[in-house]
Structures are given as C-alpha cells and as structure tokens.
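Letter by letter, the chains look like this.
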Amino acid sequence: MALLYKSAATLLRPSKLAPLTATLTRQYSASQYQYILVEKRGEKQNVGFIQLNRPKALNALCDGLMLEVGQALDTFEADTQVGAIVITGSERAFAAGADIKEMQNRTFQECYGGNFLAHWNKVSLVKKPVIAAVNGFALGGGCEFAMMCDIIYAGEKAQFGQPEILLGTIPGAGGTQRLTRAVGKSLAMEMVLTGDRITAQDAKQAGLVSKVFPADQLVSEAIKTGEKIACNSKLVSAMAKEAINAAYELTLAEGNRLEKRLFHATFATEDRKEGMTAFVEKRKADFQDN
Ligand code: HXC
C-alpha cells in the first residue's frame, strides 16, 4: 500500500485544496488530465471531486476540458465507493463559458456536421448526484454546465449570466431551457436578451441556486452535502434523482406515475428494508447499495 501511495503521489499534480491521502490511487492520477484536478474527498473518500483548472482562461470550457470532465465522471460513476460528485472551479471563475477562441472560426458545417458540443451534456446523464460549487463567473456555457448539475451552491461573489447575445449567438447547451425552468420566463428573457449577469443572492432568490456561502467555505460545504448524500443508498438516490429529473420532461400525471413505479421499485431493494428496519430498531441505517 505504501508503495502504491508513493507511486500514485509522484504522478499526481499537487492540489492546494487538500492534502493527498493514502486512499488516492492510480485511478485518480492527475497525469491523465491536463485541464482538471480529480480527487476523492470526504472523511470516507466517498465524494468524487472535479476542479476545473484552466486559470489563465478563467476555466473557459474548451473541448479537451469537457472531454476530461466526461472521463472523470465515468470513473466516478464506476467507483462503488463514490456516492456523490462535486464540481468546482476557482474563486475567480467557475467557468467563463465555452472557449470563444476555439469557437471563433468554426463554420456552420463543422458545428452541425461535426455534432459540435454533443458530449457536453454528459454531466446531466450521470446517475450519481452532482453538486456544482460556483465561485466567481459562471457565464454562458459555464452557467449552462452548472445548470446540468443537480444542485448548485454559490459563493457570495458568484455571478451567473448568459452573455452569448453579446457575441452574436445564443446559449447552446441548454441555457434557454434550463434557465427558463429555473428562474421563470421574465428573468431568463432579460438575462439572455441583454447578457446582464445576476448575483449569487439574486440567483438564490430566483431559485437557480439552493444555498449561498462565503467563498472560502463553498467547497467544504458542497463536500459536506456530498458526504451526506453518499451515506444514503446509492441505488435509491439514483431513483430519486431520476424521478425529479422526470419532472422536467413529463406531464404531472405521467411524472406521478413514474414516481409511483420507482417508489414501488424501492421495495425490491435490501436498502429499503434496511432503512425501515433501522428506524424501527432505533439505529442508523447501514445501506449496502443493493
Ligand atoms: C476563451 C476566455 C473566455 C472564454 C475569458 N477568457 N473568458 N477565453 N473563452 N469564454 C480569457 C480572456 O481572453 C483572457 O485571456 C483571460 O481569460 C482573462 O479574461 P479577461 O477578460 O482579461 O478578464 P476580466 O477583465 O476579469 O473579465 C472577465 C470576464 C470576461 C467578464 C469573464 O473574460 C468575459 O466576458 N469573458 C467572456 C464571457 C462570455 O462571453 N462567455 C460566453 C461564451 S459563449 P487573454 O489571454 O486574452 O488575456 C458560450 C456559448 C456556449 O459560452 C454555447 C454552448 C456551450
């Protein structure tokens, strides 16, 4: 183990955010990533942690970065220890949008024919709960990326915006759809048509984010919530997540029907039995994810 730790540590890019722990393995070696830092966090190492790391470009979401995020998400999805994922940027920027320099000379044929940005929605497809911890700018694709996550926490100085209109284009990764569902038509229209940004406090009031924290506490609070989620049954959490996400897609009647099916399905799990037995026996449930 000591040997493994040493060899893994030599491969890892040092993170200022947390000391390396003995449980880091080659699987999370940062050497495979150029644009992100990837670790496991939390007392039980059950929270997957992805930090966008292109500081000079304010974490502009170039193709390579988004592909790496997809790889890291795949790794965490497959890791049975991980029960939640936190994605963050730096204190200055969660992400200032898609990489404008990369997009600047793209043609319609390249975009449409090449299925440009097709892999961007990966984060919205993972089964494990994902928390976006947003400090600083979350603009354009950055705001859209955060909105693809399940929970958004914001630092006090965070700013959210869809400024694509100022570049002669429109949001292309769900901004017009998810923002409208989150904050309502009037504010979504105002943001998309003017490019104006809103503060963390406004975003909280509008329902875009669920909590606001001082910037330096944001990540640890997101990890804490991730740990709380990871202690529950991963199987049942995935069902809960599926049911909530269905609310965006289905009518109320269809959604309620799906919810009922999933609720019934929990009765096929050992974890449902364990949860209710633990309650009756006045002890903490010990979920095994089956
Ligand atoms: C590429 C970017 C970038 C971006 C910032 N940078 N945003 N590079 N793509 N989206 C780079 C700058 O070019 C600069 O590098 C460095 O980051 C620092 O940025 P500054 O502008 O010098 O910083 P500041 O004055 O503090 O202004 C911060 C800012 C501004 C307000 C966030 O950078 C800005 O307006 N950025 C663009 C925001 C935006 O329009 N986002 C939407 C993108 S379109 P250099 O090397 O030049 O100094 C989009 C479409 C999504 O997201 C569609 C589907 C995915």
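Residues numbered from 1 in each chain as written. Predicted model: local features only at pLDDT ≥ 70, side-chain atom pairs only at ≥ 80, totals over all residues. Heavy atoms only, no water.

Caption draft 1: Examining the pairing of strand 1 (residues 36–41) more closely. Among the 6 residues in strand 1, 6 count as buried, and that is most of the element. Neither face of strand 1 is open: one carries I36, V38 and K40, the other L37, E39 and R41, and all of them are buried. As defined by bridge partners, strand 1 adjoins strand 2 (residues 47–52) across 6 bridges and the pair is classed as antiparallel. Looking at the pairing, V38 lines up with I50 of strand 2. Between the antiparallel neighbours strand 1 and strand 2 lie 5 residues, among them G42 with a positive phi of about 95°. (Buried < 20%, exposed > 50% of the residue type's maximum accessible area, 1.4 Å probe, protein only. Helix = DSSP H or I, 4+ residues; strand = E, 2+ residues; numbered from the N terminus. Pairing = 2+ DSSP bridges.)

Caption draft 2: The arrangement of the pattern of salt bridges in detail. Taken as a whole and assessed by the stated rule, the structure comprises 10 salt bridges. Ionic pairing is found between K40 and D79, a salt bridge with its closest N-O pair at 2.8 Å. Placement of K40 in strand 1 and of D79 in the loop between helix 2 (63–78) and strand 3 (84–88) is noted, with a sequence separation of 39 residues between them. Both residues of the pair, K40 and D79, belong to the buried class. The residue E221 makes a salt bridge to K224 at a minimum N-O spacing of 3.3 Å. (Salt bridge = Lys/Arg side-chain N within 4 Å of Asp/Glu carboxyl O.)

Caption draft 3: Focus on the sheet that holds strand 9 (residues 197–199). As summarised here, the arrangement of the 4 strands in space is 4-6-8-9, forming an open sheet in which the pairing is mixed. Each edge of the sheet is formed by a strand with only one pairing partner; in this case those strands are strand 4 (93–95) and strand 9. On average, each strand axis in the sheet is tilted by 20° relative to the strand beside it, whichever way the strands run. Summarising the sheet, strand 4 and strand 6 (residues 137–139) pair through 2 bridges and their orientation is parallel. Looking at strand 6, one finds that A95 is bridged to A138. Each of strand 4, strand 6 and strand 8 (159–161) touches helix 5 (residues 141–148); the most contacted strand, strand 6, lies at about 90° to it. (Axes fitted to C-alpha atoms, helices over the stretch in contact; angles between N-to-C directions. Contact = heavy atoms within 4.5 Å.)

Caption draft 4: Summary view of the packing of aromatic side chains. With the rule as written, the count across this model stands at 4 aromatic pairs. Relative to Y112, the ring of F108 has its centre 5.4 Å away and its plane inclined at 15°; by these criteria the two rings are stacked. You can see F108 and its partner Y112 sitting in helix 4 (residues 108–113), 4 residues apart, about one turn around the helix. An identical accessibility class is assigned to F108 and Y112; each is exposed. Each ring, one from Y153 and one from F213, has its centre 5.2 Å from the other, and the planes form 65°; the classification is edge-to-face. (Phe/Tyr/Trp six-rings, centres within 6.5 Å; stacked < 30°, edge-to-face > 60°.)

Caption draft 5: Region of interest: the site of the ligand. The ligand sits among 25 residues. The nearest are R92, A96, A98, I100 and G141. One of the backbone N or O atoms of K56 is found 3.3 Å from an oxygen atom in the ligand. In the model, a nitrogen atom of the ligand is placed 2.9 Å from a nitrogen or oxygen of the A96 main chain. Against a free-state accessible area of 1000 Å², the protein chains account for coverage of 67% of the ligand. Secondary-structure elements contributing two or more residues to the shell around the ligand are helix 3 (100–103), strand 6 and helix 5. Counted by class, the shell around the ligand contains 14 nonpolar, 4 polar and 7 charged residues. (Near = heavy atom within 4 Å. Polar contact = N/O pair within 3.5 Å; in protein donor to acceptor, adjacent residues only side chain to side chain. Areas by Shrake-Rupley, 256 points an atom, 1.4 Å probe, with all protein chains shown as cover. Nonpolar A, V, L, I, M, F, W, Y, C, P; charged D, E, K, R; others polar.)

Caption draft 6: Just the nonpolar core, in detail. Counting residues in each nonpolar core, the largest one holds 48 residues, and the members touching the most others are I36, L52, I87, F160 and L208. No other element matches the 6 residues that helix 2 contributes to this core. When residues no more than four places from it in sequence are discounted, the contact partners of I87 are I50, L52, L73, F94, V123, V130, I131, A132, A133, F145 and C149. By size, the runner-up hydrophobic cluster in this structure holds 13 residues, among which are A84, I131, Y153 and I223. (Core = buried A, V, L, I, M, F, W, Y, C linked by side-chain atoms within 4.5 Å.)

Caption draft 7: Structural view of helix 10 (residues 234–246). Helix length check: helix 10 (13 residues) gives 18 Å between terminal C-alpha atoms against 18 Å at 1.5 Å per residue, within 8%. Within the span of helix 10, buried status applies to K234, S237, M239, K241 and A246. Those residues of helix 10 that are buried lie in contact with strand 5 (130–134), helix 9 (218–230) and helix 11 (252–266). The opening residue of helix 10 is S233, an N-cap whose side-chain oxygen sits 3.3 Å from the backbone nitrogen of L235. (Expected span 1.5 Å × (residues − 1).)

Caption draft 8: Spatial organisation of the side chain of K128. By the secondary structure assignment, K128 is in the loop between helix 4 and strand 5. Apart from the residues lying within four places of it in its own chain, the contact partners of K128 are F76, E77, D79, V82, I85, D150 and K241.

Caption draft 9: The side chain of T88, seen in detail. Within the secondary structure, T88 sits in strand 3. A polar atom in the side chain of T88 sits 2.7 Å from the backbone oxygen of A133. When residues no more than four places from it in sequence are discounted, the contact partners of T88 are F49, I50, Q51, L52, F94, A133 and V219.

Caption draft 10: Highlighting a nonpolar patch on the surface. Residues I165, L166, I170, M189 and L193 make up a contiguous nonpolar surface patch of about 510 Å² in total accessible area. Judged by relative accessible area, which is 55%, L193 ranks as exposed. (Patch = residues over 30% accessible without salt bridge, like charges linked within 9 Å, V, L, I, M, F, W, Y side chains within 5 Å.)

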